[in-house]
Amino acid sequence: MRKPPDHTESLGKDLETRWEEVLRGSVTPDEADSVRQEAARSGRKAQFEVQAEVSSLVNRLAARHAATPELRQCFTELLEEERRARKKQKLRAALAGAVAASLVIAAGWWSFGWLPGSKKDPYRIIAKEARAAYHSAMLGQQPARTKNAHLDILLAWFKTTLRYQPEVFFRESAEFALEEAGIANFSGEKVPTILFRSGGKPVLLVVLPLKQDVAWAEIPENKWEVKTGEDSPPTSIWRRGKSVYALVGYAPPEKMKALSLAIAPARKNR
Amino acid sequence: MSSSEREGFLRELLPHLNSLYSFARWLTHDPDEAEDVVHDALSRALLNWRGYSPGTEIKTYLFTIIRRTHINRVRRGQYEITSAGYPEDDGNLPQEREGGELADLPPELLRKDLNEALASLDVEQRSAVLLADVEGFSLEEIAEIMGIPIGTVKSRLWRARAALRKKLKGYREHVTK
């Protein structure tokens, strides 16, 4: 029950409003009596009584429903995942000897953070951001996107939207179908993404210009690295020329590798 | 939103899940659609934490987003209301209090007719009555949830209750004969 207002608060309120407060039980007994007396004197006593009667009936007899088990389970599990994620963060902070800086965007991300003084693992950073872009695309929350099954049209769209075309060479495949192009936010920069679909499963390609982070120049060319994590889609990362590619999705690993080779064929090392 | 904020939000919403789902059932008349409305609304709330202002009553906020989600889904044609039959109780019967002529009638009969009468109200009147008399919101809170002035809440509420009483008028006549 809410704290009942003092008498001065009721001044200026009309009788209907005060009657509702009586029905809600949010006034003192003295105030409630005062309102009832005023209602009786108003010549509209019957109307006020109907309001009280029906309000009581609805409160007693209106159908009420428990949330479905599936609904309750969904949000209960989400809460448990957040608790686990928070505990992991505390453990990392204790191990690192410093406050953990990494943001947990969704529960289940796999990340060990990094120790002060050591270099950041570029694959881990790229995988984390690429998965965020994947989830954003799955929720339809990318800043911009366009649907088309032709690579040339998608690349032209990138030229209009980003003012450059990513180096993507994929043409046709029996396993993968082109679906749409999009823009993702990657550490504050806009980068191109292309959505494929294989057997109904979405696979997102994120193309990153090498100049975005000097650490990425250390990524050896043509070396294919896969990052996996608890409750997060596997992410394949490789470098080719001046671009780093990240492929995120649940397609079988051999198909993902075949797609990566189709997107950016290996170049001979200089 | 940080992980601890998400955890806090989820912890606060779970106790209201039954009420939210029940309200959605009354809005949609369909258990599957009600589940989708609640899931859709709460998932978006988790993603769009900025929509919630600290200090706002969480229950008011949750009912606001449930109602908005329902309206958006109807506007987008994601479903149609095909039946106005009342969503039957799951068996969690509230305690009955004594008093009043209508209370003397067989409760099953009165419950059924009251719920059918509620279901026959237009959705705006029905929402006002449920928010006031089932969920216990104040006029100010109902105005916030429904996005309408307090004066409009009052008139909808009073008309809705008067309409319900009229639909149940037959009981009074039966008792007094």
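Residues numbered from 1 in each chain as written. Chains lettered and ligands numbered in written order. Predicted model: local features only at pLDDT ≥ 70, side-chain atom pairs only at ≥ 80, totals over all residues. Heavy atoms only, no water.

### Let's talk about the overall build of chain B
Defined as follows: Helix and strand definitions follow DSSP, with helices as H or I runs of at least four residues and strands as E runs of at least two, each counted in order from the N terminus. Throughout, exposure labels follow a simple rule: accessible area from a 1.4 Å probe, protein chains only, divided by the maximum for the residue type, with under 20% read as buried, over 50% as exposed, and the rest as partly exposed. Working rule for contacts: check all heavy atoms of both residues, and any pair within 4.5 Å makes them a contact. Per-residue accessibility takes into account occlusion by the displayed protein chains alone, with areas from the Shrake-Rupley method and a 1.4 Å probe.
Counting its secondary structure elements, chain B contains 9 helices and 0 strands. Secondary structure elements in chain B, listed N-terminal to C-terminal, are α-α-α-α-α-α-α-α-α. With 177 residues in all, chain B has 50% of them scored as buried. Considering only intrachain contacts with a sequence separation of at least 6, the fraction spanning at least 24 residues in chain B is 70%. For chain B, the exposed surface amounts to about 8,700 Å²; the carbon and sulfur share of it is 47%.

### Some words on the environment of G200 of chain A
By the element assignment, G200 of chain A lies in the loop between β3 (189-198) and β4 (201-209). Linking G200 of chain A and A251 of chain A, residues 51 residues apart in sequence, is a C-alpha distance of 9.5 Å.

### Observations concerning the packing of aromatic side chains
What counts here: Centres within 6.5 Å are what make two rings of Phe, Tyr or Trp a pair, Trp counting through its six-membered ring; a difference in plane orientation under 30 degrees is then read as stacked, over 60 as edge-to-face, and the rest as tilted. In our convention, an over-ring charge means Lys NZ or Arg CZ found within 6 Å of a ring centre and within 35 degrees of that ring's normal.
This structure, assessed with the given rule, holds 8 aromatic pairs over all chains. Measuring from centroid to centroid gives 5.2 Å for F23 of chain B and F63 of chain B, while their planes differ by 50°, and the two rings are tilted. Residue F23 of chain B is located in helix α2 (residues 17-28), and its partner F63 of chain B is located in helix α4 (residues 58-75); the two are separated by 40 residues in the primary sequence. Residue F23 of chain B shares its accessibility class with F63 of chain B, and that shared class is buried. Each residue in the set W19 and F48 of chain A together with W158 of chain B is aromatic and connected to the rest through ring pairs, giving one cluster. Above the face of the F137 of chain B ring, K59 of chain B is positioned so that its terminal group lies 5.0 Å from the ring centre.

### Some thoughts on the pattern of salt bridges
Basically, it comes down to this: When a carboxyl oxygen of Asp or Glu is within 4 Å of a side-chain nitrogen of Lys or Arg, the pair counts as a salt bridge.
The tally for this structure, following the rule as stated, stands at 27 salt bridges over all chains. Of the charged contacts, one joins E16 of chain A and R44 of chain A as a salt bridge, the two residues approaching to 2.6 Å between their closest N and O atoms. Here E16 of chain A is found in helix α2 (residues 15-24), whereas its partner R44 of chain A is found in the loop between α3 (29-41) and α4 (45-61), with 28 residues between them in sequence. Classification of E16 of chain A as buried rests on a relative accessible area of 18%. Between E53 of chain A and R165 of chain B there is a salt bridge, and its shortest N-O distance comes to 2.7 Å. Pair noted here: E53 of chain A is in helix α4 and R165 of chain B is in helix α8 (residues 150-167), and the two residues belong to different chains.

### Considering the packing of helix α3 (residues 31-47) of chain B against α4 of chain B
Residue and element names in this part refer to chain B. Operational definition: Interaxial angles span 0 to 180 degrees and are taken between N-to-C directions of axes, which are lines fitted to C-alpha atoms, for helices over the stretch in contact. An angle below 35 degrees is treated as roughly parallel, one above 145 as roughly antiparallel, one from 65 to 115 as roughly perpendicular, and anything else as oblique. In this scheme, a crossing is called left-handed if the near helix is turned counterclockwise away from the far one by less than a right angle; it is called right-handed if the turn is clockwise. Note on residue categories: nonpolar means Ala, Val, Leu, Ile, Met, Phe, Trp, Tyr, Cys or Pro, charged means Asp, Glu, Lys or Arg, and polar means any other residue, Gly included.
α4 packs onto α3 with a crossing angle of 120° between their chain directions and a minimal axis gap of 9 Å. Between α3 and α4, the interaxial angle falls into the category oblique. Crossing of α3 over α4 shows right-handed handedness. On α4, the residues that touch E33, D36, V37, V38, D40, A41, L42 and A45 of α3 are Y61, L62, I65, I66, T69, H70 and R73. For the contact of α3 with α4, the class distribution of residues is 9 nonpolar, 2 polar and 4 charged.

### As for the interface of chain A and chain B
Rules: Simply put, the buried area is the total loss of 1.4 Å probe accessible area from both parts when two parts are fitted together.
Taken together, the contact between chain A and chain B spans 45 residues of the former and 55 residues of the latter. For the pair chain A and chain B, the two sides together bury roughly 4,700 Å², of which 59% comes from carbon and sulfur. On the chain A side of the interface with chain B, the three residues burying the most area are R60, H65 and F75 of chain A, jointly 17% of the side's total. Summed over the shared surface of chain A and chain B, the number is 6 salt bridges. Here K154 of chain B and D14 of chain A are joined by a salt bridge, their closest N and O atoms 2.3 Å apart. Looking at the side of chain A that touches chain B, the elements with two or more residues in it are α2, α4 and α5 (69-96) of chain A. Here the side of chain A that touches chain B gets 13 residues from one element, more than from any other, and that element is α5 of chain A. Split into classes, the residues belonging to the side of chain A that touches chain B amount to 21 nonpolar, 10 polar and 14 charged.

### As for unusual backbone geometry
The backbone phi angle of R163 of chain A is positive, close to 70°, even though this residue is not glycine. Within the secondary structure, R163 of chain A sits in the loop between α7 (151-162) and β2 (177-186). Even without a glycine there, the phi angle at H29 of chain B is positive, about 60°. Tracing the chain through its elements places H29 of chain B in the loop between α2 and α3.

### Focus on the pairing of β3 of chain A
Residue and element names in this part refer to chain A. Selection criterion: For two strands to count as paired, DSSP must find a minimum of two bridges between them.
Counting buried positions along β3 yields 7 of 10 residues, so the element is predominantly enclosed. The loop that links β2 with its antiparallel partner β3 comprises 2 residues; one of these, S187, has a positive phi angle of about 50°. Bridge count for β3 against β4 is 6 bridges, and the pairing is antiparallel. Across the sheet, residue S198 finds its bridge partner in β4, namely K201. What sits between β3 and β4 in their antiparallel hairpin is a turn of 2 residues, with G199 showing a positive phi close to 60°.

Honestly, it's all geometry; don't read function into it.
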